[in-house]
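Residue strings, one per chain:
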Amino acid sequence: MWPFGGGAREPQTLPLFPLKTVLFPGGLLPIMVFEQRYIDMAKRCLAEERAFGVCLITSGEEVATAGSAAPEIATVGTLARITDWEMPQLGILHLATLGGARFQVRQRSVAASGLLSAEVMPLPAEPARRVGDTFAPLVGLLELIATRVGPQNFPVERHYDDASWVGYRLAELLPLPLTIKQSMLEINDADVRLQVIQKFLAQQGVL
């Protein structure tokens with residue numbers, strides 16, 4: 001059973017994969033896994049048809065070293081569902097994942113293996129909005145970016161009239177600082193997210 005299924009709004013526990021990236025709802029994230037704790041986690045998720053959580057590392061490293069503490073993470077993350085996998089060589093697992101619902105981390109714990117888990121609270125999806133005429137240039141830019149990155153790096157389902165979807169895709173694909181990407185994830189208003197992105201692009205002379 002997937003976490004947050006059936007419109008659940010109660011705290012749930014799930015394993016976390018801290019990364020130096022931000023996963024957005026509906027986004028594609030390839031992950032190369034070689035640490036045993038994450039290989040075991042991925043196997044369990046596949047066997048139980050469960051998602052795991054991806055959170056931005058705010059302090060610390062992705063790869064554990066002897067005696068290192070668990071990294072500090074952002075308090076808002078995104079569910080990741082494994083859509084495909086392959087093991088090109090022993091000990092290396094390639095995962096294709098798709099971003100799902102957002103969540104807020106409440107309490108975290110570290111297993112003996114070093115795997116980080118947390119009690120999380122599902123965050124509701126932000127109110128649906130159509131892209132207004134003001135943001136039409138952003139839609140055009142996103143269509144151009146989609147062409148350049150290629151279909152293998154862009155979601156199959158495309159919703160250029162959905163303000164949340166457009167904002168999430170721009171936030172993940174534009175070369176924004178990770179702190180800004182994280183703030184784009186935490187914003188719960190699609191129009192505000194698009195306004196911030198549009199202002200940034202105007203300052204950079206892109207729009």
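Residues numbered from 1 in each chain as written. Predicted model: local features only at pLDDT ≥ 70, side-chain atom pairs only at ≥ 80, totals over all residues. Heavy atoms only, no water.

What follows concerns helix 1 (residues 36-48). In this model, helix 1 (13 residues) spans 18 Å end to end at C-alpha, consistent with the 18 Å of a helix rising 1.5 Å per residue. Looking at the packing, one finds that the buried side of helix 1 touches strand 1 (12-19), strand 2 (28-33), strand 3 (52-59), strand 5 (76-89) and strand 6 (92-110). (Helix = DSSP H or I, 4+ residues; strand = E, 2+ residues; numbered from the N terminus. Expected span 1.5 Å × (residues − 1). Contact = heavy atoms within 4.5 Å.)

We now examine the confidence of the model for the protein. The predicted coordinates ought not to be read in detail in places where the model reports low pLDDT. For the protein, per-residue confidence averages 91 on the pLDDT scale, and 93% of positions sit at 70 or higher. Mean pLDDT values for the elements of the protein range from 93 in strand 4 (residues 72-73) up to 97 in helix 3 (residues 163-173). (pLDDT = per-residue confidence, 0-100.)

Our focus in this paragraph is the state of the cysteines. In this structure the tally under the stated criterion is zero disulfides. Counting only cysteine sulfurs, Cys55 is the nearest neighbor of Cys45, a cysteine outside any disulfide, at a range of 14 Å. On the basis of relative accessible area, Cys45 is assigned to the buried category, the value being 6%. (Disulfide = S-S within 2.5 Å. Buried < 20%, exposed > 50% of the residue type's maximum accessible area, 1.4 Å probe, protein only.)

In this section: the packing of aromatic side chains. What the rule picks out here adds up to five aromatic pairs. Taking the centre distance of 4.0 Å and the plane angle of 10° together, the rings of Phe17 and Tyr38 count as stacked. In this pair, Phe17 is assigned in strand 1 and Tyr38 in helix 1, connecting sequence segments 21 residues apart. With relative accessibility at 4%, the residue Tyr38 sits in the buried group. Ring geometry for Phe24 versus Tyr168: centroids 5.8 Å apart, planes at 40°, classification tilted. (Phe/Tyr/Trp six-rings, centres within 6.5 Å; stacked < 30°, edge-to-face > 60°.)

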